[in-house]
Amino acid sequence: MAARMLMVCVLVLGSLLCQVWSSAESRYIEGDELHLQALYPWRSRGKGVLRVKRDWIIPPIRVSENSKQVPENLVQIKSDKIFKGEVIYKLEGPGVDQDPKNLFEIDDKTGVIRSKRPLDREKYNTFTLKAFALSPSGERLENPTTIEIVVLDQNDNRPAFAQRQFVGTVAEFSIPGTSVMTVSATDADDPETENAALSYSIISQESVPANAVTKTMFGINNSTGAIYTRDVGLDREVVKSFRLKLQVADMGGMGLTSEGEAVIHVSDINNYAPQFNPALYSMIAAENRFDYEIGRVNVTDRDDPGTRNWEAKFSISKDPEGFFGISTDPASNQGILTVVKPLDYEAQSEHILILTAENVNPLSNKAPNLPLSTATVMITVVNENEAPYFRENPIQIVVPESVAPGTLLKRNIASDPDQSELWYEMSRDPERWLDIDRLTGDITLKRNIRMRSPHVKNNIYNAAVKVTDADGVSATALLVITLKETNDFAPQLLPLSGSVCRSAGSTASGLVLTAVDEDLPPQAAPFSFEIPADLSVNWTVVQINGTHTLLQPLVELDVGEYVVTVVVTDSGSPALGAFAQVNVTVCLCDSFGDCKSEAGAILGSTVGISFIALVIIMACVALLLLLLLLAVAMTTCGRRHHIKKGTGLLVGESEDDIRDNVFNYDEQGGGEEDENAFNVDLLWNPHDAPSTPGSFYPGSGVPRGKQPLRKDAPHNLPSPTYPRRPPADPTDIEDYINDGLEAADNDPNVPPYDTALIYDYEGDGSLAGSLSSIASGSSDGDQDYDYLNDWGPRFKKLANMYDPR
């Protein structure tokens with residue numbers, strides 16, 4: 001050849017397509033044989049010298065898919081370089097030694113590339129291979145070159161719809177041209193060819209119900225598959241849906257075809273309003289009941305059941321008080337009429353309601369222009385015996401705690417709708433403070449209110465009132481009495497005794513005082529403390545805070561007992577105050593500020609006695625006490641033998657008559673239960689001692705007739721008034737006893753429990769002698785108790801106890 005050229009020969013379906021890229025085109029056929037033009041991808045320049053590499057643009061080799069002429073020669077490659085030895089050609093890449101393998105091969109001697117099996121463009125549409133020219137020893141004679149093979153498409157795939165069935169909806173009375181939906185299909189062939197050019201069409205149309213509509217109602221866009229309405233007359237009340245048979249074909253409608261289906265439902269629009277059927281109703285309702293159904297009303301609507309175009313909503317007119325309500329049954333579309341507020345037969349025995357009905361969705365502009373449907377409902381109220389009712393529940397009463405008994409607290413508390421006669425009673429009154437008039441219901445206070453009652457919580461006392469009509473129907477209301485705190489009690493000073501240290505050359509310590517008040521704030525604290533100007537001039541008080549003060553001497557006082565009068569006042573309105581006498585002991589104190597005795601003061605000094613001397617003194621005291629006990633025991637034994645035989649235990653040596661000389665002074669002790677005044681000192685002035693021998697309290701050293709003083713209470717305060725007259729009503733005995741106990745607890749002149757009982761002089765010469773002369777130490781065999789039987793029935797029990805039989 002005169003010009004350099006590159007030729008690629010491709011065999012497709014038994015025909016030769018030769019494409020030559022050069023300045024001239026060359027192909028030839030001898031007889032029936034096809035001759036492949038050699039392709040020289042490697043070229044050299046110069047004579048007998050190494051080639052300069054030249055880059056060639058090699059066009060793709062086109063091969064038709066599904067070819068049955070296999071193996072089929074595709075192209076031949078050669079090297080134009082003259083070698084002394086043999087040239088071996090190799091081919092690598094997808095389709096040869098890579099997946100998918102064994103689709104192509106090359107003749108290693110001639111360089112012919114051929115296909116081994118039919119190709120499928122839908123699986124692999126191109127292949128990129130590399131060709132090599134090698135020496136027998138495997139040495140590369142040329143650089144590898146790239147060969148691209150393109151698989152040509154055949155119309156071997158039918159188009160297919162994307163869904164087996166397409167479903168769409170169109171509103172009734174839609175105008176022509178209204179878009180309904182779009183169907184789609186796919187074709188596996190090359191989309192760049194006519195093999196994948198699709199065309200849509202509607203083959204047939206069926207209506208549901210059958211033959212409801214016979215004219216063609218829908219069309220389809222051949223290219224896009226969009227379905228639209230073609231004609232008027234879509235009425236859901238006439239036809240419910242359409243079934244369309246579809247077809248899609250490739251090659252622009254001239255190739256392979258497939259069929260599909262489309263279902264189009266005709267949707268409802270609100271073109272019908274609900275209508276009452278019937279339009280007049282009569283119902284019965286009971287009074288005093290609510291939240292219950294009294295009847296239903298019916299409506300009809302031709303729209304699609306279960307939709308908002310069909311669902312009705314109701315409204316009520318001529319019900320200004322709002323006694324009735326209406327709702328919709330979602331299943332039947334009926335209106336459910338209910339009573340939402342209790343009816344009163346006495347106020348209104350009949351109600352006439354006007355009902356209207358409309359759809360939840362607004363009516364379409366294609367619906368007839370008609371007024372809303374209405375219905376009339378006549379409701380008769382049935383009279384029932386109604387229970388009486390309280391005008392307020394709970395009944396609120398606010399009174400001061402000091403309100404006087406007999407005060408009217410509340411009246412006109414209940415009423416009966418049937419104008420029946422009522423009877424009232426207190427169903428709950430734990431403190432029995434209240435009284436109620438059985439006929440009028442007036443509530444009055446029966447007795448004084450005690451704020452400290454356990455039934456008063458946060459100044460509130462709860463009771464209950466019951467009212468019953470003539471038919472036995474009753475009602476109960478809670479009675480809430482709010483008690484306003486008043487200043488009823490004066491504050492009480494505490495403590496009433498204490499000690500103050502006397503320290504020479506320095507200011508004396510003080511006694512901290514406080515006060516308690518049975519009232520509650522603001523009738524109690526803060527308290528004010530003061531000392532009257534004409535009393536206790538040597539003392540003063542210094543306010544610490546609202547509840548405490550400090551009692552201090554103004555001058556240095558001698559060691560001893562002092563009585564200081566202090567006035568304490570609360571902050572109530574009006575303010576109440578009380579005088580209190582504080583027993584103060586001025587004493588010498590140790591380093592801790594505690595009082596110590598005179599002996600302790602001496603021991604604590606630097607010139608005190610030693611510890612050994614103190615032990616000797618204590619031993620001597622113990623020995624003297626032991627000797628004293630022995631002497632008392634010997635004296636007692638001697639007295640037992642002076643009782644005469646036959647005289648008895650109660651018969652002494654006195655010749656005087658036995659007289660009933662025991663006086664009653666109403667002074668009893670409480671034993672060990674008194675914990676508030678167990679440390680009582682009996683204060684006695686020796687200058688007031690009587691000259692009569694034996695006029696001392698036994699065992700105390702206090703003269704007879706001299707009342708012992710309490711350190712926990714002020715001196716010379718007046719005693720409270722004790723109740724003297726028992727109540728006439730037995731139910732008031734509890735209050736009578738409580739009042740007496742309260743007066744006794746607050747009496748400062750009553751001795752504490754832990755004090756010696758006080759007896760007065762009862763005369764001398766008693767025949768019974770002293771009780772200490774009873775010979776309790778002698779044996780029972782030495783005594784004769786028969787005389788007890790002669791003393792009367794009062795000694796009968798004692799005689800039986802000592803009866804030897």
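Rules used throughout
Residue positions are given per chain, counted from 1 along the sequence in the order it is written. Given that this is a predicted model, residues contribute local features only at a pLDDT of at least 70 and side-chain atom pairs are listed and counted only at 80 or more, while totals for whole chains, interfaces and linings are drawn from all residues. Water and hydrogen atoms play no part in the side-chain values, which are based on all heavy atoms of the structure. Where helices and strands are cited, they refer to DSSP runs of H or I of at least four residues and of E of at least two residues respectively, numbered from the N terminus. Residue burial is assigned from relative accessible area. The probe radius is 1.4 Å, only protein chains are included, and a residue is buried under 20% of its type maximum, exposed over 50%, and partly exposed in between. Methods summary: accessible areas were calculated by the Shrake-Rupley approach with a probe of 1.4 Å, and residue burial reflects only the protein chains presented. Following DSSP output, two strands are said to pair if at least two bridges run between them. To obtain an axis, a line is fitted to C-alpha atoms, over the contacting stretch when the element is a helix, and the angle between two such axes runs from 0 to 180 degrees between their N-to-C directions. What makes a nonpolar core is a set of buried Ala, Val, Leu, Ile, Met, Phe, Trp, Tyr and Cys residues whose side-chain atoms join them at distances within 4.5 Å. Should any heavy atoms of two residues lie within 4.5 Å, those residues are counted as being in contact. Predictor confidence is given residue by residue as pLDDT, running from a minimum of 0 to a maximum of 100. For this analysis, a salt bridge means a side-chain nitrogen from Lys or Arg found within 4 Å of a carboxyl oxygen belonging to Asp or Glu. Note on aromatic pairs: the rings of Phe, Tyr and Trp (six-membered ring only in Trp) are paired at centre separations within 6.5 Å, and the planes decide the class, stacked below 30 degrees, edge-to-face beyond 60, tilted for the rest. Throughout this description, a polar contact denotes any pair of N or O atoms lying within 3.5 Å of each other; where both atoms belong to protein, one of them has to be capable of donating a hydrogen while the other can accept it, and for residues adjacent in sequence the pair is counted only when both atoms sit in side chains. Throughout, disulfides are identified as pairs of cysteine sulfur atoms within 2.5 Å of each other. Residues qualify for a patch when their relative accessible area is over 30% and they have no salt bridge, like charges being joined within 9 Å and the nonpolar side chains of Val, Leu, Ile, Met, Phe, Trp and Tyr within 5 Å.

Participant: Before we go on, may I ask you to explain the overall build of the chain in this structure?
Facilitator: Counting its secondary structure elements, the chain contains four helices and 48 strands. A buried classification covers 34% of the 805 residues belonging to the chain. For the chain, the accessible surface area stands at approximately 47,800 Å², while carbon and sulfur atoms represent 53% of it.

Participant: Can you help me understand the sheet that holds strand β45 (residues 539–543) in this one?
Facilitator: As a general point, the strands of a sheet are linked pairwise by backbone hydrogen bonds and lie either parallel or antiparallel. The sheet built from four strands is open, its strands ordered β41-β43-β46-β45 with antiparallel pairing. Each edge of the open sheet is held by one strand with a lone partner, namely β41 (492–494) and β45. The mean inter-strand angle of the sheet, taken between neighbouring strand axes irrespective of direction, is 30°. Where β45 lies against strand β46 (residues 548–553), five bridges are found, and the strand directions are antiparallel. Across the sheet, T540 pairs through a bridge with Q552, a residue of β46.

Participant: I tried to follow the nonpolar core on my own but got confused; where do I start?
Facilitator: Note on soluble globular proteins: their nonpolar side chains tend to be buried together. Of all hydrophobic cores here, the largest spans 27 residues; its most connected members are F390, V399, I413, L434, L479 and I481. Listing elements by their share of this core, those giving two or more residues are β32 (395–400), β36 (434–436), β37 (443–445), β39 (460–468) and β40 (474–484). With five residues, the top contributor of residues to this core is β40. Setting aside anything within four residues of it in sequence, one finds V399 in contact with L409, I449, I481, T482, L483 and K484. Listed in part, the 24 residues of the second largest apolar core include M283, A285, I294 and V377.

Participant: Which parts of the structure should I look at to understand the sheet that holds strand β15 (residues 179–182)?
Facilitator: Taken in spatial order, the three strands line up as β15-β19-β18 in an open sheet, and their pairing is antiparallel. The sheet terminates laterally at β15 and β18 (218–220), the two strands that pair on one side only. Pairs of neighbouring strands in the sheet enclose a mean axial angle of 25°, with direction left out of account.

Participant: Looking at this structure, I do not really get the confidence of the model for the chain. What am I missing?
Facilitator: A low pLDDT means the predicted coordinates there should not be read in detail. Here the chain averages 77 in pLDDT, while 73% of its residues score no lower than 70. Confidence over residues 44–55 falls short of pLDDT 50; this stretch has 13 contacts with residues more than four positions distant or in other chains. Predicted confidence is poor over residues 641–706, with pLDDT under 50, and the contacts of this stretch with residues over four places away or in other chains come to 99 contacts.

Participant: Quick question: what am I supposed to make of the pattern of salt bridges here?
Facilitator: Pairing is possible between side chains that carry opposite charge, provided their charged atoms lie close to one another. Scanning all chains against the criterion turns up 16 salt bridges. Between E105 and R114 there is a salt bridge; the shortest N-O distance is 3.6 Å. Between E293 and R296 there is a salt bridge, with its nearest N and O atoms 3.1 Å apart. By relative accessible area, R296 is classed as partly exposed at 32%. Each of R236, E237, D268 and D304 takes part in a single network of salt bridges with overlapping partners.

Participant: Any chance you could explain the packing of aromatic side chains here in plain terms?
Facilitator: The way to describe two aromatic rings as a pair is by their centre distance and the angle between their planes. Scanning all chains against the criterion turns up eight aromatic pairs. The interplanar angle of 50° and the centroid separation of 5.9 Å between the aromatic rings of F276 and F314 together place this pair among those described as tilted. Within this pair, whereas F276 is found in strand β22 (residues 275–276), its partner F314 is found in strand β26 (residues 312–317), the two being separated by 38 residues in sequence. Assigned by exposure class, F276 and F314 land together as buried. Grouped by ring-pair contacts, the aromatic residues F104, Y124 and F127 constitute a single cluster.

Participant: What's the story with unusual backbone geometry in this structure? I'm lost.
Facilitator: Excluding glycine, most residues fall at negative phi; most peptide bonds, likewise, are trans. Of the consecutive residues D99 and P100, the connecting peptide bond is found in the cis state with omega at -10°. With respect to the secondary-structure elements, P100 resides in the loop between β8 (88–92) and β9 (104–106). For the peptide bond that leads from V208 to P209, omega is 0°, which places it in the cis range. With respect to the helices, strands and loops of the structure, P209 is situated in the loop between β17 (199–208) and β18. Of note in the backbone geometry, N211 takes a positive phi value of approximately 60° without being a glycine.

Participant: Just to check I follow, could you spell out the environment of Q334 for this structure?
Facilitator: Here Q334 shows up in the loop between β27 (324–328) and β28 (335–339). A distance of 3.1 Å separates a polar atom in the side chain of Q334 from a polar atom in the side chain of R296. Within the local environment of Q334, its side chain forms a polar contact with the side chain of S332, the two groups lying 3.2 Å apart.

Participant: Which parts of the structure should I look at to understand the state of the cysteines?
Facilitator: Cysteine pairs can be linked by a disulfide, which is a covalent bond between their two sulfur atoms. For the structure on display, the rule yields one disulfide. Across the disulfide, C501 is cross-linked to C589 (sulfur-sulfur distance 1.8 Å). Measuring handedness by torsion sign, the sulfur bridge of C501 and C589 sits at about -100° and is left-handed. Residue C501 is located in strand β42 (residues 497–501), and its partner C589 is located in the loop between β48 (577–587) and α1 (598–604); the two are separated by 88 residues in the primary sequence. Taken individually, C501 and C589 each receive the classification buried, so the pair is uniform in this respect.

Participant: Whenever I open this one, a nonpolar patch on the surface confuses me. Can you help?
Facilitator: Side chains of I617, V621, L625, L628 and V632 sit close together on the surface and give an oily, nonpolar patch of about 450 Å² of accessible area. Mapped onto the fold, L628 is located in helix α2 (residues 611–640).

Participant: Where do I start with the pairing of strand β19 (residues 226–229) in this structure?
Facilitator: Consecutive side chains of a regular strand alternate in pointing toward one face of the sheet and then the other. Alternating residues of β19 divide into I227 and T229, all buried, and A226 and Y228, none buried. Sheet analysis places β15 next to β19, joined by three bridges and oriented antiparallel. Counted as the bridge partner of S179 is Y228 from β19. Across three bridges, the pairing between β18 and β19 is antiparallel. Bridged to G219 within β19 is Y228. Taking the residues that link successive antiparallel strands as the turn, the β18-β19 hairpin has five residues, and the phi of G225 there is positive, at about 80°.

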